[in-house]
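Each chain, letter by letter, is given below.
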Amino acid sequence: APVNDADGNRVRVTIHIRGREVLAEAWLAKVGRISLYLLDTNVESNADVDRLITGHLYGGSTETRIVQEKVLGIGGVRLLRQLGISPSVYHLNEGHSAFLTLELAREFLTASPEANFVDSIAAVREQCVFTTHTPVSAGNDVFPTETLADCFDADFIASLKLSEQEFFALGRTDPDNADEPFGMTPLVIFM
């Protein structure tokens, strides 16, 4: 069912993707006593390419996978905030939602302007648990830094109080190796 606010309007979140604001509408599926919220970018005002972000899973380009994971992680946190839901723990199964750690860090830094990124790590670690059932390379997303740079804007990176290179280092097993791709599992383990 569509999720509406108190005024009857669709609940939407905005995620900055590929240089533009992309809207995702919320849907609710009731599974027994569990409320499962879903985000859908097939919104009329979105560009055609953005409307397809949530239209399929495990298909498309590397860039598609990155933006899907932005919608899941960053958009997911933003949706929970809009709905007034404050989880005591975020369970990240696999690295697919790992970008939520960056959104939590951004929130922390916005609320604590005197803090730095290292300060935010401690706050994020108190809120997150990570598990994996695919501990092999093929089961863990890695992305070329050039593609990642196309999907993240400088303002978001700056809101984390990081340089672009520091941001990319978050997803590397060797943070000093600029040739290493960005991995979602190293990101979530580091955070």
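For the structure itself, look to the data block above.
Residues numbered from 1 in each chain as written. Predicted model: local features only at pLDDT ≥ 70, side-chain atom pairs only at ≥ 80, totals over all residues. Heavy atoms only, no water.

J.: Let's hear about a nonpolar patch on the surface: which residues, and what values?
T.: Judged by side-chain polarity, Trp 27, Val 31, Ile 34, Leu 36 and Leu 38 come together as a nonpolar surface patch covering roughly 440 Å² of accessible area. Every element with two or more residues in the nonpolar patch is listed here: strand 2 (20–31) and strand 3 (34–40). Its place among the elements puts Trp 27 in strand 2. (Patch = residues over 30% accessible without salt bridge, like charges linked within 9 Å, V, L, I, M, F, W, Y side chains within 5 Å. Areas by Shrake-Rupley, 256 points an atom, 1.4 Å probe, with all protein chains shown as cover. Salt bridge = Lys/Arg side-chain N within 4 Å of Asp/Glu carboxyl O. Helix = DSSP H or I, 4+ residues; strand = E, 2+ residues; numbered from the N terminus.)

J.: Give me the pattern of salt bridges: which residues, what numbers.
T.: Think of it this way: side chains of opposite charge can pair up when their charged atoms draw near. The final tally for this structure, using the stated rule, is 10 salt bridges. Residues Arg 12 and Glu 25 are paired through a salt bridge, measuring 2.8 Å at the closest nitrogen-oxygen approach. On the criterion of sequence distance, the pair formed by Arg 12 in strand 1 (residues 12–17) and Glu 25 in strand 2 is long-range, its members being 13 residues apart. Judged by its relative accessible area of 9%, Glu 25 falls in the buried class. Asp 50 is paired through a salt bridge with Arg 20; the nearest N and O atoms lie 2.6 Å apart. Linking Asp 50 in helix 1 (residues 48–51) with Arg 20 in strand 2, this pair joins segments that are 30 residues apart in sequence. Given a relative accessible area of 1%, Asp 50 falls into the buried group. Connected via shared salt-bridge partners are Arg 18, Arg 20, Asp 50 and Glu 63. (Buried < 20%, exposed > 50% of the residue type's maximum accessible area, 1.4 Å probe, protein only.)

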